Amino acid sequence: MGQSIPANGQSVPRSTTGARTIVPGIYVPIITFFQDDEEQSLDIETHKEHILYMARGGVHGFVCQGSTAEAVALTFDERAQIIRATREVLDKNGFEHVTIIAGAAGQSTKEAVSLATQAGEVGADAIISLMPSFFWNCLNAESLESYYVELADKSPLPVIIYSYPGVSAGLELTSDSIHRLAKHKNIFGIKQTDHNVGKMARIVYDNPGFFVLGGASDYLLGALAVGASGTITGLANLFPRLCVHLFDLYHKSISVSPAPKTVVEALSEARTLQGAMSSAEWPMLSGGIPSIKYACKYFLGRGGIPRRPVPESNDEVKRRIEKGLQPLADMEAKLAKGLPLF
């Protein structure tokens, strides 16, 4: 398992269940598997197989019903099935300590609260909520803040703010809004998928103990360097050991116990690995959900196509993914065998 070292000595928030601690590290936004039938029904058995693959790779937790999971295409009951199946397979295989964060985004506060309540009933430890944006031209800073405050007041689980302007009509909370929300006793973190490392540094500095996560792994080293607690990255669906290894290398490089030479070597390897990950990850990131599902199918033998009407990747994108991610697949295989990467 990867190390669970609090960033900057921050206190680690606990879920309201009291059973599991939400620790700094690598969190995976799980893709959703569908059967090849007319309804594109959930493929729960493949889902469980995938969860075990990543858990054995050392990840620190999972995100169900995030953007990568095609949450907007899932029914209320399907969301419950996925969370329940995730908790079940983890508990049955010795991963009782691994946490589950459930997506609870709605276009109304009422809907988000319903999803948060459901998540608590079926085994999640926290929720992550994207701001509503359909009526984007009617929303302002005050209304967005009030959304998170009411959700946090009524949610049975701790709340993570999900900042993703790219899918929220460009809406984004300011640093001042986040500073106010961070004071709420049931809002303990934020996922920054605006990919703004400078803003992460500001949030970490201004809000000691706040759980700041990046939204990808292609800048993980930079995020950790400014005090982020880790990342929620789709790449860990494919290469969990590699993502955890980079997280661990960073903490090794800032540890006071290794000899100076060891620190330099760890930082050098971390920089090289970050460069390789950033370069290779782009073909998948640029292609969206179809690309990550094809990548999983190609490298892991499971993935499939998105739920209709989203199409699968075209042949040109598929070839780019195969070529671009192969170096990371080779590194993942080395780590699985206990071999050095470089």
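Scroll up for the structure.
Undergrad: A description of the overall build of the protein chain should follow, citing residues and the corresponding values.
TA: On a plain count of helices and strands, the protein chain comes out with 11 helices and eight strands. Here the protein chain has a C-alpha radius of gyration of 19 Å; the compact-globule value for 342 residues is 20 Å, and the two agree. Principal axes of the C-alpha set define a box for the protein chain whose edges measure 50 × 50 × 40 Å. Looking at the 342 residues of the protein chain, the share that counts as buried comes to 56%. Partitioning the contacts of the protein chain with sequence separation of at least 6, the portion at a separation of at least 24 is 69%. Here the protein chain displays about 14500 Å² of accessible surface, and carbon together with sulfur accounts for 54% of that area.

Undergrad: Quick one: what's the story with helix H11 (residues 315-336), residue by residue and with numbers?
TA: In an α-helix there are 3.6 residues to a turn, and that puts residues three or four apart on one side. The end-to-end C-alpha distance of H11 is 30 Å, a good match for the 32 Å that 22 residues give at a rise of 1.5 Å each. Residues of H11 that are buried: Val317, Lys318, Ile321, Glu322, Gly324, Leu325, Leu328, Ala329, Met331, Glu332 and Leu335. Two or three places before glutamate 316, at the start of H11, stands the capping residue asparagine 314, its side-chain oxygen 3.1 Å from that residue's backbone nitrogen. Positioned one or two residues after H11, glycine 338 has a phi angle of 75 degrees, which is positive.

Undergrad: An account of the pairing of strand E1 (residues 25-29) is requested, with residue identities and associated values reported.
TA: Most of E1 sits out of view: five of its five residues are buried. Here E1 runs beside strand E8 (residues 230-232); their pairing, made up of three bridges, is parallel. When the bridges of E8 are listed, tyrosine 27 appears paired with isoleucine 232. The pairing of E1 with strand E2 (residues 61-64) spans three bridges and is classified as parallel.

Undergrad: Tell me what's going on with the sheet that holds E2, and back it up with residues and numbers.
TA: The eight strands are arranged E1-E2-E3-E4-E5-E6-E7-E8 in a closed barrel whose pairing can be described as parallel. Geometrically, the sheet is characterised by an average inter-axis angle of 25 degrees between neighbouring strands, direction not taken into account. Strand direction decides the pairing type here: strand E3 (residues 99-103) and strand E4 (residues 126-130), joined by three bridges, are parallel. Within the sheet, the bridge partner assigned to isoleucine 101 lies in E4 and is alanine 126. Where helix H4 (residues 141-154) meets the sheet, its contacts fall on E4, strand E5 (159-163) and strand E6 (187-192), and the angle it forms with E4 comes to roughly 160 degrees.

Undergrad: So what about the packing of aromatic side chains? Which residues, and what values?
TA: Evaluated as defined, the whole model comprises six aromatic pairs. Consider the rings of phenylalanine 188 and phenylalanine 211, whose centres lie 5.7 Å apart with planes at 40 degrees: the pair is tilted. Of this pair, phenylalanine 188 sits in strand E6 while phenylalanine 211 is found in strand E7 (residues 211-214), placing the two residues 23 residues apart along the sequence. Both residues of the pair, phenylalanine 188 and phenylalanine 211, belong to the buried class. A cation sits over an aromatic face here: arginine 302 above tyrosine 53, 5.2 Å from the ring centre.

Undergrad: How would you summarise the environment of isoleucine 160 if you had to cite specific residues and measurements?
TA: Tracing the chain through its elements places isoleucine 160 in strand E5. The buried category is assigned to isoleucine 160, whose relative accessible area is 0%. Sequence spacing of isoleucine 160 and leucine 238 is 78 residues, and the spatial spacing of their C-alpha atoms is 24 Å. When near neighbours in sequence (up to four residues on either side) are disregarded, isoleucine 160 contacts Ile101, Ile127, Ile128, Ser129, Phe188, Gly189, Ile190 and Lys191.

Undergrad: Provide a residue-level description of helix H6 (residues 197-206), including the pertinent values.
TA: Within H6, burial applies to Lys199, Met200, Ile203 and Val204. Projected onto a plane normal to the axis of H6, the buried residues spread over an arc of 135 degrees and lie on a single side. Of the residues that open H6, the one with a side-chain oxygen 3.1 Å from the backbone nitrogen of glycine 198 is asparagine 196.

What counts, and at which threshold
- Residues numbered from 1 in each chain as written.
- Predicted model: local features only at pLDDT ≥ 70, side-chain atom pairs only at ≥ 80, totals over all residues.
- Heavy atoms only, no water.
- Helix = DSSP H or I, 4+ residues; strand = E, 2+ residues; numbered from the N terminus.
- Rg over C-alpha atoms; globule rule 2.2 N^0.38 Å.
- Buried < 20%, exposed > 50% of the residue type's maximum accessible area, 1.4 Å probe, protein only.
- Contact = heavy atoms within 4.5 Å.
- Areas by Shrake-Rupley, 256 points an atom, 1.4 Å probe, with all protein chains shown as cover.
- Expected span 1.5 Å × (residues − 1).
- Polar contact = N/O pair within 3.5 Å; in protein donor to acceptor, adjacent residues only side chain to side chain.
- Pairing = 2+ DSSP bridges.
- Axes fitted to C-alpha atoms, helices over the stretch in contact; angles between N-to-C directions.
- Phe/Tyr/Trp six-rings, centres within 6.5 Å; stacked < 30°, edge-to-face > 60°.
- Lys NZ or Arg CZ within 6 Å of the ring centre and 35° of its normal.
- Arc of directions from axis to C-beta.

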